[in-house]
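A closer look at the structure
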Amino acid sequence: MATTKWVIDPTHSEIQFKVKHLVISTVTGAFKSFEGGIETETEDFDGATVHFSADVDSIDTNQAQRDAHLKSPDFFDAENHPKLSFSGKLDKKGDDSYKLHGDLTVKNVTKPIDFAVEYGGNMTDFYGNNKSGFEISGKINRKEFGLEWSAVTEAGGVVVGDDVKLIANVQVVKQ
């Protein structure tokens, strides 16, 4: 059977993360520069292989000082580890639900991770391009990936939570 390749459409996709700040609120950030794709031998993406990478230097939390700290050696160390990456496989669980399991690499630390995936459907755009959409969500412990920096307030509150929610809304284009 022939392999079909799909490529992420960055203008119609977003890669976000959410982490607790002071345990009382959530900070949302995004990676603005990323690439990836899917290769499948089926019409429904079951068993498809997925690859993805994001440029750490493109991190954006809407606050320049925090972004600079996240790029520093305290967190991602963008100078020495410019990309984070993922490779894995999609397994169909229901009509529009999949499990994406594979390896996430951050700062040269690779760990297995599972994501829940909701398939949004398939459509042909105004230009005749065949597109499919997915909403992907999961959670990691940042310290397992070498993102160790931590601080405690004078009152004893944790500044940055350990759990990081990962959310991606991705549109792919059939090649």
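The structure reproduced in this document is the subject of the present report. From a predicted model like this one, the values you see are computed outputs, not experimental measurements.

Turning our eyes to something else, we now look at the pattern of salt bridges. Summed over the entire model, instances satisfying the criterion amount to seven salt bridges. Of the charged contacts in the structure, one is a salt bridge between Glu39 and Lys5, with a shortest N-O distance of 3.6 Å. Residue Glu39 is located in strand β4 (residues 34–40), and its partner Lys5 is located in strand β1 (residues 4–8); the two are separated by 34 residues in the primary sequence. By relative accessible area, Lys5 is classed as partly exposed at 46%. One salt bridge in this structure joins Asp55 and Lys83, with 2.4 Å as the shortest N-O distance. One end of the pair, Asp55, is in strand β5 (residues 49–55); the other, Lys83, is in strand β7 (residues 83–92), and 28 residues separate them in sequence. Judged by its relative accessible area of 24%, Asp55 is partly exposed.

With that settled, the discussion passes to the packing of aromatic side chains. Two measures describe an aromatic ring pair: the distance that separates the ring centres and the angle between the ring planes. One pass over the full model with this rule turns up nine aromatic pairs. Taking the centre distance of 5.2 Å and the plane angle of 55° together, the rings of Trp6 and Phe45 count as tilted. Of this pair, Trp6 sits in strand β1 while Phe45 is found in the loop between β4 and β5, placing the two residues 39 residues apart along the sequence. Of the two residues, Trp6 and Phe45, neither departs from the other in class, the shared state being buried. Judged by centre distance (6.0 Å) and plane angle (90°), the rings of Phe31 and Phe76 are edge-to-face. Of this pair, Phe31 sits in strand β3 (residues 25–31) while Phe76 sits in the loop between α1 (64–71) and β7, and the two are 45 residues apart along the sequence. With respect to class, Phe31 is no different from Phe76; both count as buried.

Each value, and the rule that gives it
Residues numbered from 1 in each chain as written. Predicted model: local features only at pLDDT ≥ 70, side-chain atom pairs only at ≥ 80, totals over all residues. Heavy atoms only, no water. Salt bridge = Lys/Arg side-chain N within 4 Å of Asp/Glu carboxyl O. Helix = DSSP H or I, 4+ residues; strand = E, 2+ residues; numbered from the N terminus. Buried < 20%, exposed > 50% of the residue type's maximum accessible area, 1.4 Å probe, protein only. Phe/Tyr/Trp six-rings, centres within 6.5 Å; stacked < 30°, edge-to-face > 60°.

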